[in-house]
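Examination of the molecular architecture
Letter by letter, the chains look like this.
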Amino acid sequence: MNLHSGTYYWPATFPDAPSYPSLDQDLNCDVLIIGGGTSGAQCAYYLASHRLDVVVVEKGKIGFGSTITNTALIQYSGEKMFTDLIYTFGEEYISRHARLLKEAIDEIEEASKTVDLDFEFSRRDTLYSASSKEDVSPLKKEYEWLKQQGFKLGFWDKEKIEAHYPFSREAAIYSYDDGELNPFKFTHALLGWAAKRGTEVYEETEVNGHHYDREQKRMVVSTKTGHSIRARRVIFAAGYDGIDVKKEKKASFVSTYTVTTSPVDDLSAWHNRTLIWETARPYLYLRTTADNRILIGGLDDNTTYPEDRDSKLVHKKKKLIEELETLFPGLNVKPEYYSTAFYGGTVDGLPIVGRYDDYPDSYFLFAFGDNGTVYSQLLAKLIAEDIRDGHSADLDLYRQDRPLLGNQ
């Protein structure tokens, strides 16, 4: 899949990132992870140090797939409100989902204290604003449900927003304890930590076939380097490229656009350097970086053709800067990096762990959605539990054949 184009900020923050060899021999292992981006690294992190032989293969360079276009807003709330998800899945189901997302953010913070490389994790508050008067009522309903679930947040009216920001909105949920990170460093930090504990990592090693050995009960995966890997379990953590391996009917795609500015001298007008997004669809989202840049994205387009997507990049870059200057006048921002990429979601609003009959003993980690890094942390933990312990109590919540409300 032609995932993205443009210029990329995250790799520039870690120009001396470690490299790994390509596979030059046949291997046997307990777990093969296909994909060396964020999702693959999170799986490796959870499987390391558990007396398992784990191998990671990446077709290109580590972290250079969708990871380099990941904006890494670390939040529990997503594009589809929890109060809407309840209509599909039920109260108990979505309450558990929300708690698992909060735990996943806590686990990311714990990883930041565990691994050797600083991946610039910081706790951030979030301003989730109503884009119109009509959006205030459902936003208030969402706030009340989250408050009942024990989440720390407030509901801000127009006057309070105007007192804290140079722009105005009718209302907003103000959430505490979200976060942000550098996804490129995050990926390398987790993989480096796993590699020190025995995980084998290979770059420039593209998978081009597989079959299941029923006698030995192992997946046999072949690579373009002419070698094979026999694995007791396989995790396809290849992000959007995973759809090229196994089509998933619940997945859907659009194109999105992102600008990262040059460093900004004065961010004092940006209250607490919050994460910012809105109820409009498509929506704008904003965050700051460790070196005082502003990352703004959105203006999603329904096209799934790379040529059409790429042709709109210059116009979308200009429009995003205009939107930023409207929100924060006087910042004098300049676009230094800008890119466009495919963005995957799911039709029902939950990420997916695919378990398919034609891929025995395999998992497809489809952490699609606006909270991809958080979804992936959650799914990686559940998959690792299932492999290590033979069962994960929460994994069925995210299977591709998960129940709808009427089928529970």
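Our subject is the structure listed above.
Given the structure is predicted, the values throughout are model-derived calculations rather than measurements. One numbering rule holds for all chains: residues counted from 1, following each sequence as written. Local features in this predicted model are restricted to residues whose pLDDT is 70 or higher, and side-chain atom pairs enter the listing and the counts only when it is 80 or higher, whereas totals over whole chains, interfaces and linings include all residues. The side-chain values count all of the structure's non-hydrogen atoms but skip hydrogen atoms and water molecules.

This next bit is on unusual backbone geometry. In this structure, proline 282 follows arginine 281 across a cis peptide bond, with omega equal to 0 degrees. For proline 282, the location among the structural elements is in the loop between strand E13 (275-278) and strand E14 (285-288). Despite not being glycine, asparagine 272 has its phi angle at roughly 55 degrees, a positive value. Secondary structure elements are defined from DSSP: runs of H or I of at least 4 residues count as helices, runs of E of at least 2 residues count as strands, and each element is numbered from the N terminus. Note that asparagine 272 resides in the loop between strand E12 (251-261) and E13. Positive phi, close to 70 degrees, is recorded for asparagine 292, a residue that is not glycine. Its place among the elements puts asparagine 292 in the loop between E14 and strand E15 (294-301). Burial status follows relative accessibility: with a 1.4 Å probe on protein chains alone, a residue under 20% of its type maximum counts as buried, one over 50% as exposed, and anything between as partly exposed. Its relative accessible area of 30% is what places asparagine 292 among the partly exposed residues.

Any helix carries an expected span of 1.5 Å times its number of residues minus one. Compared with the 34 Å implied by 1.5 Å per residue over 24 residues, the 35 Å span of helix H3 (residues 91-114) between its first and last C-alpha is a close match. Burial in H3 covers these residues: Tyr93, Ile94, Ser95, His97, Ala98, Leu100, Leu101, Ala104, Ile105, Ile108 and Ala111.

Tracing the sequence through the fold places lysine 317 in helix H9 (residues 313-327). Residues counted as positive are Lys and Arg, residues counted as negative are Asp and Glu, and His and the chain ends are not counted. Salt bridges are counted wherever a side-chain nitrogen of Lys or Arg sits within 4 Å of a carboxyl oxygen of Asp or Glu. An unpaired buried charge is present at lysine 317: no salt bridge exists, and glutamate 322, the closest side chain of opposite charge, is 11 Å distant. Any pair of residues with heavy atoms lying within 4.5 Å of one another is described as a contacting pair. Lysine 317 has contacts with Val259, Pro335 and Tyr338, leaving out every residue within four places of it along the chain.

Let us look at the layout of surface pockets. Computed from the structure, the second largest pocket encloses a volume of approximately 380 Å³. Only protein atoms enter the 1 Å grid, on which a cavity is a set of points fitting a 1.4 Å probe that cannot get out and a pocket is an open set with protein on both sides within 12 Å along at least 5 of 7 lines, lining residues being those with an atom within 4 Å of a point. Taken together, 28 residues form the lining of the second largest pocket, with Glu79, Tyr343, Gly345, Thr346 and Gly369 sitting closest to its centre. Going through the elements one at a time, helix H2 (82-89), H3, E12 and strand E16 (335-346) are the ones with two or more residues in the lining of the second largest pocket. Broken down by element, the lining of the second largest pocket gets its largest block of residues, four residues, from E16. Grid points are joined across faces, edges and corners, and a volume is the space filled by probe spheres set on the points.

Attention shifts here to the pairing of strand E11 (residues 228-236). At least two DSSP bridges between two strands are needed for those strands to be called paired. Relative to E11, strand E2 (residues 27-34) runs parallel, the two sharing seven bridges. The partner of leucine 32 across the bridge, within E11, is valine 234. As paired elements, strand E10 (residues 218-223) and E11 share four bridges and run antiparallel to each other. Paired with serine 222 across the strands is serine 228, a residue of E11. Connecting E10 to the next strand, E11, in antiparallel fashion are four residues, including glycine 226 with a positive phi near 85 degrees.

Moving on, we get to the pattern of salt bridges. For the structure on display, the rule yields 26 salt bridges. Taking the shortest distance from any N to any O, the salt bridge between aspartate 291 and arginine 293 comes out at 3.0 Å. Aspartate 301 is the salt-bridge partner of lysine 316, the closest N and O atoms lying 3.9 Å from each other. Here aspartate 301 lies in strand E15 and lysine 316 lies in helix H9, a separation of 15 residues in the sequence. Note on accessibility: lysine 316 and aspartate 301 belong to one class, buried. Via salt bridges that share partners, Lys102, Asp106, Glu109 and Arg123 belong to a single interconnected network.

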